Amino acid sequence: MENENSTPDPAVAELAALKAQLADTVTTVLAGVPEHLRGLIPASLTPADQLAWFHTAKATGVFDAKPAVPATNNAKPAITPAAVDPASLPVFARMAGGYRN
């Protein structure tokens, strides 16, 4: 009888290599996730399940960089002051207004 410990099974070696390659691929893919969002990825899953979870979550837009902010027009103030009739102002305000001109 052959000793199983002396000759490694090629299928077992190939499986171990594929598991290592998958773990390395998952690490590389998940490295692109922003630091503040890495806690969302469940650590209890296997590497293959983490990768599947990540692709499902990415399709929803969770891991996109930043939401688009619509452009605003900051050229004019939102509220324009109303023109004041000098005749309606108190006397001291009319006198002060005369000094500005």
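To be clear, the structure that these remarks concern was listed above.
One structure accompanies this document, and this report is about it. (Residues numbered from 1 in each chain as written. Predicted model: local features only at pLDDT ≥ 70, side-chain atom pairs only at ≥ 80, totals over all residues. Heavy atoms only, no water.)

The geometry of helix α1 (residues 10-30) relative to helix α2 (residues 47-59) is characterised by a closest axis approach of 9 Å and an angle of 30 degrees between their N-to-C directions. Considered as vectors, α1 and α2 are oriented roughly parallel to each other. The hand of the α1/α2 crossing is left-handed. Note on element contacts: α2 touches α1 through Pro47, Ala48, Gln50, Leu51 and Phe54, opposite Leu22, Ala23, Val26, Val29 and Leu30. Taken together, the residues of the contact of α1 with α2 break down into nine nonpolar, one polar and no charged. (Axes fitted to C-alpha atoms, helices over the stretch in contact; angles between N-to-C directions. Helix = DSSP H or I, 4+ residues; strand = E, 2+ residues; numbered from the N terminus. Parallel < 35°, antiparallel > 145°, perpendicular 65-115°, else oblique. Left-handed = near helix turned anticlockwise from the far one by under 90°. Contact = heavy atoms within 4.5 Å. Nonpolar A, V, L, I, M, F, W, Y, C, P; charged D, E, K, R; others polar.)

Along the chain, the position of Ala52 falls in helix α2. The exposure class of Ala52 is partly exposed, given its relative accessible area of 42%. Remark: the alpha-carbon pair of Ala52 and Val26, spanning 26 residues in sequence, is separated by 9.8 Å. (Buried < 20%, exposed > 50% of the residue type's maximum accessible area, 1.4 Å probe, protein only.)

We now examine the nonpolar core. In summary, soluble globular proteins display a tendency toward joint burial of nonpolar side chains. With nine residues, the main nonpolar core is built from Val26, Leu30, Val33, Leu37, Ile41, Leu51, Phe54, Ala57 and Phe63. Elements supplying a minimum of two residues to this core: α1 and α2. Here this core gets three residues from one element, more than from any other, and that element is α2. Among all residues touching Val33, those that are not within four sequence positions of it are Arg38, Ile41, Phe54 and Phe63. (Core = buried A, V, L, I, M, F, W, Y, C linked by side-chain atoms within 4.5 Å.)

Let us now look at a nonpolar patch on the surface. Residues Val91, Met95 and Tyr99 make up a contiguous nonpolar surface patch of roughly 390 Å² in combined accessible area. Checked against the element boundaries, Met95 lands in helix α3 (residues 91-100). Residue class for Met95 comes out exposed when judged on its relative accessible area of 52%. (Patch = residues over 30% accessible without salt bridge, like charges linked within 9 Å, V, L, I, M, F, W, Y side chains within 5 Å. Areas by Shrake-Rupley, 256 points an atom, 1.4 Å probe, with all protein chains shown as cover. Salt bridge = Lys/Arg side-chain N within 4 Å of Asp/Glu carboxyl O.)

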